[in-house]
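Structure assessment
Single-letter residue listing:
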Amino acid sequence: MDNLKLSRIKLLGAAATLLLVLVVVFAGTPNTSMAKLTPETPGKLRLDGASDYAAQCARCHGGDGRGQTAKGRKTNAGDLTKSTVSDTKGIRMITNGSGQMPAFKDSMNADQIRGVMSYVHGFRR
Ligand code: HEC
């Protein structure tokens, strides 16, 4: 084996080791937003917007997103399965409120709002 090949192999090995170290370091970093517990699921990590949706949104938008709850009909919450708003606009609406929808910036952090928007986006098909 010539020297060039050998040094390439060494470089690859070093890169692989560095990657492994980075993965271990980042995997071990606690993510504060993910580590937050929800009142409904004590002891469980929140990994998506489902529990925030159930706690904060379902009373108007319904478990299925169609808005057919008493409060949803009253406020005209519409049907999230047919929504066409962009995620950016939706996040702005959830954060600051819109029409009869209250603002959620005081009850959820930015990560939670993003998570809940990604969850409601999932109602579309
Ligand atoms: C008090 C009832 C109520 C609650 C609670 C509520 N919404 Fe709404 N939501 C509405 C109403 C009413 C609209 C229509 C607002 C408008 O047209 O300006 C709306 C609009 C939306 C839209 C935009 C839909 C579209 O196509 O225009 C999204 C996305 C949305 N809500 C998500 C959420 C999420 C996520 C939550 C929970 C964090 C939530 N809403 C909580 C009543 C509510």
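Definitions and limits used
- Residues numbered from 1 in each chain as written.
- Predicted model: local features only at pLDDT ≥ 70, side-chain atom pairs only at ≥ 80, totals over all residues.
- Heavy atoms only, no water.
- Helix = DSSP H or I, 4+ residues; strand = E, 2+ residues; numbered from the N terminus.
- Buried < 20%, exposed > 50% of the residue type's maximum accessible area, 1.4 Å probe, protein only.
- Contact = heavy atoms within 4.5 Å.
- Areas by Shrake-Rupley, 256 points an atom, 1.4 Å probe, with all protein chains shown as cover.
- 1 Å grid on protein atoms, 1.4 Å probe; cavity = no way out; pocket = protein on both sides within 12 Å on 5 of 7 lines; lining within 4 Å.
- Points joined across faces, edges and corners; volume = space filled by probe spheres on them.
- Nonpolar A, V, L, I, M, F, W, Y, C, P; charged D, E, K, R; others polar.
- pLDDT = per-residue confidence, 0-100.
- Near = heavy atom within 4 Å.
- Polar contact = N/O pair within 3.5 Å; in protein donor to acceptor, adjacent residues only side chain to side chain.
- Sits in = over half its atoms within 2 Å of the grid points.

**Topic: the overall build of the protein**
Along its length, the protein carries 7 helices and 0 strands. The N-to-C order of helical and strand elements in the protein reads α-α-α-α-α-α-α. Counting all 125 residues of the protein, 24% fall into the buried class. Taking all contacts inside the protein whose residues are at least 6 apart in sequence as the whole, residues at least 24 apart take part in 39%. Carbon and sulfur atoms form 62% of the exposed surface of the protein, whose accessible area is close to 8,900 Å².

**A few points about the layout of surface pockets**
In this structure, the largest pocket spans a volume of roughly 560 Å³. Along the wall of the largest pocket there are 28 residues; nearest its centre are His-61, Ala-77, Leu-80, Met-93 and Met-101. Among the secondary structure elements, those contributing two or more residues to the lining of the largest pocket are helix H3 (50–56), helix H4 (58–61), helix H5 (70–75), helix H6 (87–96) and helix H7 (110–121). For the lining of the largest pocket, the residue count by class is 14 nonpolar, 10 polar and 4 charged.

**Re the confidence of the model for the protein**
Interpretation of the predicted coordinates at a detailed level should be avoided for regions scoring low in pLDDT. When pLDDT is averaged along the protein, the result is 84; 78% of the residues meet or exceed 70. Every residue in residues 31–38 is under pLDDT 50, and counting partners more than four places away or in other chains gives 14 contacts. Taken together, the stretch residues 41–45 has pLDDT below 50 and engages in 5 contacts with residues farther than four places along the chain or on a different chain.

**Re the site of the ligand**
Residues in close proximity to the ligand total 22 residues, the closest being Cys-57, Cys-60, His-61, Ser-98 and Met-101. Between a nitrogen atom of the ligand and a side-chain N or O atom of His-61, the distance comes to 2.8 Å. At 2.6 Å from an oxygen atom of the ligand is found a side-chain nitrogen or oxygen belonging to Ser-83. The site holding the ligand turns out to be the largest pocket. Those elements that provide at least two residues to the shell around the ligand are H4, H6 and H7. Looking at which element gives the most residues to the shell around the ligand, the answer is H4, with 3 residues.

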